[in-house]
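Residue-level listing of the chains:
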Amino acid sequence: MINERLLNILTDSFWKILLPGLTVTIPLTVISFSLAMVIAIVMALVQFANIRGLKQLARFYIWVFRGTPLLIQLFVVFFGLPSVGIVIDPFPAAVLVFSLNEGAYSAETIRAALEAVPSGQLEAGYCVGMNYLQIIERIILPQAMRTAFPPLSNALIAMVKDTSLAANITVAEMFMATQRIVARTYEPLALYIEVGLIYLVFSTILTALQRAGEKKLNIQHQAAKSRRRRGGLWSR
Amino acid sequence: MVEVKNIRKAFDGAEVLKGVDLQVYQGDVVAILGPSGSGKTTLLRCLNFLETADSGELIFDGEQFHLGHVSKKDIARLRQKTSFVFQNYNLFLNKTALQNVTEGLITARKIPKEQAEKTGRRALAKVGLSDREDYYPHQLSGGQQQRVAIARAMATDPEIIYFDEPTSALDPELTGEVLAVMRQLADEGMTMLVVTHEMGFARTVSNRVIFMEDGVVVEEGGAKAFFEHPQQARTREFLQMSEKESAQGQQHF
Ligand SMILES: Nc1ncnc2c1ncn2[C@@H]1O[C@H](COP(=O)(O)OP(=O)(O)OP(=O)(O)O)[C@@H](O)[C@H]1O
Ligand SMILES: [Mg+2]
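A quick note: this is a predicted structure, and the numbers were derived from the prediction, not measured. (Residues numbered from 1 in each chain as written. Chains lettered and ligands numbered in written order. Predicted model: local features only at pLDDT ≥ 70, side-chain atom pairs only at ≥ 80, totals over all residues. Heavy atoms only, no water.)

### A closer look at the overall build of chain A
Next, step 1: Within chain A, the secondary structure is distributed over nine helices and zero strands.
Next, step 2: Starting at the N terminus and walking to the C terminus, you meet the elements of chain A as α-α-α-α-α-α-α-α-α.
Next, step 3: Taking 236 residues into account, the globule formula puts the C-alpha radius of gyration at 18 Å, and chain A, at 22 Å, lies well above it.
Next, step 4: Projected onto its principal axes, the C-alpha coordinates of chain A cover approximately 70 × 45 × 25 Å. (Helix = DSSP H or I, 4+ residues; strand = E, 2+ residues; numbered from the N terminus. Rg over C-alpha atoms; globule rule 2.2 N^0.38 Å.)

### Here we look at the environment of B:Gln184
Next, step 1: Relative to the elements of secondary structure, B:Gln184 occurs in helix α6 (residues 172-187).
Next, step 2: In this structure the C-alpha to C-alpha distance between B:Gln184 and B:Asp74, which are 110 residues apart in sequence, comes to 31 Å.

### Section: the site of ligand 1
Next, step 1: Lining the immediate surroundings of ligand 1 are 13 residues, of which B:Ser36, B:Gly37, B:Lys40, B:Thr41 and B:Thr42 lie closest.
Next, step 2: In this structure ligand 1 sits where residues from chains A and B come together.
Next, step 3: Between B:Thr41 and ligand 1, the recorded distance is 2.6 Å, taken from a side-chain N or O atom to an oxygen atom.
Next, step 4: In isolation ligand 1 offers 630 Å² of accessible surface; the protein chains occlude 63% of this area.
Next, step 5: Of the residues forming the shell around ligand 1, the biggest block, three residues, is contributed by helix α1 (residues 40-47) of chain B.
Next, step 6: Taken together, the residues of the shell around ligand 1 sort by class into three nonpolar, seven polar and three charged. (Near = heavy atom within 4 Å. Polar contact = N/O pair within 3.5 Å; in protein donor to acceptor, adjacent residues only side chain to side chain. Areas by Shrake-Rupley, 256 points an atom, 1.4 Å probe, with all protein chains shown as cover. Nonpolar A, V, L, I, M, F, W, Y, C, P; charged D, E, K, R; others polar.)

### Observations concerning the interface of chain B and chain A
Next, step 1: Each partner contributes to the interface: chain B provides 32 residues, whereas chain A provides 25 residues.
Next, step 2: Interface area for chain B against chain A, summed over the two sides, is near 2500 Å², with a carbon-plus-sulfur share of 56%.
Next, step 3: Among the residues of chain B in contact with chain A, B:Leu93, B:Asn94 and B:His138 are the three that bury the most area, contributing 27% of the side total.
Next, step 4: Our count for the contact surface shared by chain B and chain A stands at two salt bridges.
Next, step 5: Across the salt bridge formed by B:Arg45 and A:Glu123, the nearest N and O atoms sit 2.8 Å from each other.
Next, step 6: Viewed at the interface, chain A and chain B are joined by eight residue pairs in polar contact (both at pLDDT 80 or more).
Next, step 7: Within the side of chain B that touches chain A, the residues separate by chemical class into eleven nonpolar, 14 polar and seven charged. (Contact = heavy atoms within 4.5 Å. Buried area = accessible area lost by both parts, 1.4 Å probe. Salt bridge = Lys/Arg side-chain N within 4 Å of Asp/Glu carboxyl O.)

### Observations regarding helix α7 (residues 174-185) of chain A
Residue and element names in this part refer to chain A.
Next, step 1: Its twelve residues place the ends of α7 16 Å apart at the C-alpha level, agreeing with the 16 Å of an ideal helix rising 1.5 Å per residue.
Next, step 2: Every buried residue of α7 is listed here: Met174, Met176, Ala177, Thr178, Ile181, Val182 and Thr185.
Next, step 3: In the core, the buried residues of α7 are packed alongside α1 (4-48) and α8 (188-218).
Next, step 4: The first or second residue beyond α7 is Tyr186, which carries a positive phi of 55 degrees. (Expected span 1.5 Å × (residues − 1). Buried < 20%, exposed > 50% of the residue type's maximum accessible area, 1.4 Å probe, protein only.)

### Things to note about the packing of α1(A) against helix α4 (residues 90-116) of chain A
Residue and element names in this part refer to chain A.
Next, step 1: In the contact formed by α1 and α4, the axes pass within 5 Å of each other and the chain directions differ by 40 degrees. As the angle between them shows, α1 and α4 are arranged oblique. Once α1 is placed against α4, the crossing between them reads as right-handed.
Next, step 2: Residue composition of the contact of α1 with α4, grouped by class: 23 nonpolar, five polar and four charged. (Axes fitted to C-alpha atoms, helices over the stretch in contact; angles between N-to-C directions. Parallel < 35°, antiparallel > 145°, perpendicular 65-115°, else oblique. Left-handed = near helix turned anticlockwise from the far one by under 90°.)

### Quick word on the confidence of the model for chain B
Next, step 1: Here chain B shows a mean pLDDT of 94. Residues at 70 or above account for 98%.
Next, step 2: Both confidence scores are given for the complex: pTM 0.89, ipTM 0.94. (pLDDT = per-residue confidence, 0-100.)

### Quick look at the nonpolar core
All names here are of chain B.
Next, step 1: Ranked by internal contacts, the top residues of the largest apolar core, which has 77 residues, are Ile7, Leu58, Phe60, Tyr162 and Leu193.
Next, step 2: When residues no more than four places from it in sequence are discounted, the contact partners of Ile7 are Leu17, Lys18, Gly19, Val20, Leu43, Cys46, Ala53, Ser55, Gly56 and Leu67.
Next, step 3: Among the nonpolar cores identified, the runner-up in size contains 37 residues, and Val29, Val101, Ala123 and Val194 belong to it. (Core = buried A, V, L, I, M, F, W, Y, C linked by side-chain atoms within 4.5 Å.)

### Observations regarding the pattern of salt bridges
Next, step 1: A full pass over the atoms with the stated rule returns 23 salt bridges over all chains.
Next, step 2: A:Arg5 is paired through a salt bridge with A:Glu187; the nearest N and O atoms lie 2.9 Å apart. Taken together, the residues A:Arg5 in helix α1 and A:Glu187 in the loop between α7 and α8 connect sequence positions 182 residues apart.
Next, step 3: Overall, the relative accessible area of 44% leaves A:Arg5 in the partly exposed class.
Next, step 4: One salt bridge in this structure joins B:Lys126 and B:Glu188, with 3.0 Å as the shortest N-O distance. In this pair, B:Lys126 sits in helix α4 (residues 113-126) while B:Glu188 sits in the loop between α6 and β8 (192-195), placing the two residues 62 residues apart along the sequence.
Next, step 5: Each of A:Arg59, A:Arg66, A:Glu108, A:Arg111 and A:Glu115 takes part in one network of salt bridges that share partners.

Set out below in structure tokens:
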């Protein structure tokens with residue numbers, strides 16, 4: 001099945017696919033995910049702190065972006081908005097949609113992690129004279145981000161793969177590069193498997209990074225949790 | 001120094017504090033005893049505004065406050081003068097022992113980091129944990145955690161420290177080390193209001209004892225008189241019962 005011609009196509013295309021992976025897929029993921037984290041932390045905090053008005057706004061935003069398909073969100077922004085005079089280039093349009101979409105999911109992850117921090121942490125902060133913002137910033141949020149680290153890493157891995165949807169709004173990322181080569185060479189099976197394997201390598205690297213990160217964080221965190229579970233000391 | 005008049009607090013209509021009066025003078029070590037559910041924790045929490053009382057007066061350093069409605073600013077100001085030691089320690093889980101002690105100094109009191117660390121080290125030395133400065137809470141035993149919590153409480157140089165059953169989450173072997181630290185604090189003249197089940201501590205360290213039940217003060221008096229000549233039948237009953245319990249358990253003093 002694998003003849004010389006196919007082998008040549010695969011090696012030729014490897015760099016042609018990997019290059020947009022490094023210059024488009026990864027930047028798209030990194031920028032979108034970073035923005036998503038900022039959005040998510042803000043949206044989680046306004047809910048956690050119960051700030052009236054903003055909390056409702058956050059709920060509405062999350063409701064919309066979790067409740068509609070990512071692909072449709074991409075289409076609305078890229079193909080829909082121009083009809084009301086808003087024209088956004090493919091790459092920034094993709095960044096906008098991916099960060100808003102991921103922000104909505106991660107906001108829920110972080111909110112749950114904030115709520116999992118024992119209430120005694122807040123009370124202890126008050127008792128040493130700190131104010132609410134100081135306690136959130138220095139005590140509660142760091143603990144919550146640690147709890148949220150594994151699910152957020154998952155989300156990052158998912159996003160690397162989801163960026164392939166950006167091909168639909170003409171972003172020249174890995175998947176689009178592959179489609180172009182397929183159109184020229186008529187080798188869909190081999191080429192789509194090839195790009196799939198490159199995604200797999202990206203995910204594997206991220207998974208390894210996640211492991212390492214968790215290991216580092218868990219030195220402090222996991223042990224504290226298991227202690228809490230073991231002893232009944234923390235119940236009230 | 002701290003005076004409370006007629007404090008009342010209800011949870012969902014159930015009255016937990018039914019008009020409690022209390023005075024703590026400078027240098028006092030006041031022990032609050034009472035059966036489970038009598039409102040001791042609630043009382044302490046109201047004094048530090050972790051819970052909002054329904055009504056009552058607080059006189060702190062001659063300044064008068066209505067416990068039902070104290071401004072946020074006053075709460076912040078009062079909390080700078082007090083400390084709280086929790087039953088379950090509540091150390092900041094993402095901070096080392098030293099950082100636990102310095103956190104309030106640096107963020108709330110704006111003390112330069114270096115100076116705060118000096119104070120923090122001194123406080124940890126006092127509770128015998130100089131060698132544990134860089135340990136995280138989960139790396140410490142319960143007794144050590146509670147001693148860090150006490151170091152944290154005293155580092156801010158408060159006028160009074162509230163203790164809510166500081167040893168009851170601890171294994172009996174670890175109770176002694178915490179009580180020893182508290183006794184030392186008392187000897188140094190720290191003003192303390194201590195909810196406790198440790199009769200030995202109440203008897204030998206405190207100078208006054210308050211016995212609470214069902215949200216009211218049943219009896220109060222000097223420690224010696226309270227234990228040797230309790231006036232109320234209910235107090236005698238309570239003391240006998242806890243004597244029996246501690247005969248089965250361990251004595252630390
Ligand atoms: N947040 C709350 N909501 C509702 N009820 C509460 C709350 N906190 C305390 N209570 C009730 O108030 C009563 C007094 O509780 P409190 O914790 O003050 O008792 P305590 O004297 O400290 O008891 P213990 O010796 O067991 O610690 C109890 O009946 C308790 O169920
Ligand atoms: Mg209690």
